[in-house]
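# An overview of the molecular structure
Listed below, chain by chain, are the residues.
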Amino acid sequence: MELTDYLSILRKYWRSATAVTLAAVLFAALFSMLAKPTYTSNASLFLSVRTASSGGDLNAGSSYAESQVQSFAKVARSDIVLQPVIDNLGLATTPSELAKQVTVSVPTGTATLDIAVVQGSPDEAARVTAAISEQLVEAVDELSPPSPDGTKPVVATIIRPAQVPTSPTTPKTM
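Now for a quick tour of the structure.

Definitions and cut-offs
Residues numbered from 1 in each chain as written. Predicted model: local features only at pLDDT ≥ 70, side-chain atom pairs only at ≥ 80, totals over all residues. Heavy atoms only, no water. Core = buried A, V, L, I, M, F, W, Y, C linked by side-chain atoms within 4.5 Å. Buried < 20%, exposed > 50% of the residue type's maximum accessible area, 1.4 Å probe, protein only. Helix = DSSP H or I, 4+ residues; strand = E, 2+ residues; numbered from the N terminus. Contact = heavy atoms within 4.5 Å. Pairing = 2+ DSSP bridges.

Among the nonpolar cores identified, the biggest contains 27 residues, and L98, L113, I115, I132 and L136 are the most heavily contacted of them. Sorting the residues of this core by element identifies β1 (39-49), α3 (55-75), α4 (79-89), α5 (95-99), β2 (102-105), β3 (112-119), α6 (122-143) and β4 (154-160) as the ones contributing at least two each. If near-sequence neighbours (up to four positions away) are discounted, L98 is found in contact with L82, V85, I86, L91, T93, Q119 and V128.

Here β2 shows a buried face lined by V102 and V104 and an unburied face lined by T103 and S105. Pairing analysis gives four bridges linking β2 to β3, with the strands arranged antiparallel. Within the sheet, the bridge partner assigned to S105 lies in β3 and is D114. In this antiparallel pair of consecutive strands, β2 and β3, the connection spans six residues, and G109 shows a positive phi of 75°.

This part takes up the pairing of β3. Judged by how many residues are buried, β3 sits mostly within the fold: six of eight residues are covered. Where β1 lies against β3, eight bridges are found, and the strand directions are antiparallel. Its bridge partner being in β3, N42 is matched across the sheet by A116.

What follows is the structure, given as structure tokens:
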């Protein structure tokens, strides 16, 4: 088929093509307007090593923290973190259901954790994100093995606290 053949078909069926396109646009707009909005709140934690007395110790500690951050990313979505959050906030959910609303990512080459929580209300998203961040700090302290002098070598610090989102994550009507 040549380009002229396609153009003649389009000329012949332009009403049908326009009607189908218009119906699809209207359906998408209706779906977007009726969809329940969701909000995402984010927080970041930094994992560091306390015991470092020389440059070599700092380098080893940095590598150790970077390797531990992968493990603690999994811990952030586990029952040890989520069950206390559910209990403290009085949420009507289970840890496995809450874990579906939590995303934890580790930026490449860093010792930071980025936590994102999706909820139906902006205040609830920020509240749950803050609670998970605080509980993860406690879990890191609880789970990191003590050094010979009894101190915990790995410490987590909240470097970006949860904020109440100002606009919905979905739907993206624009």
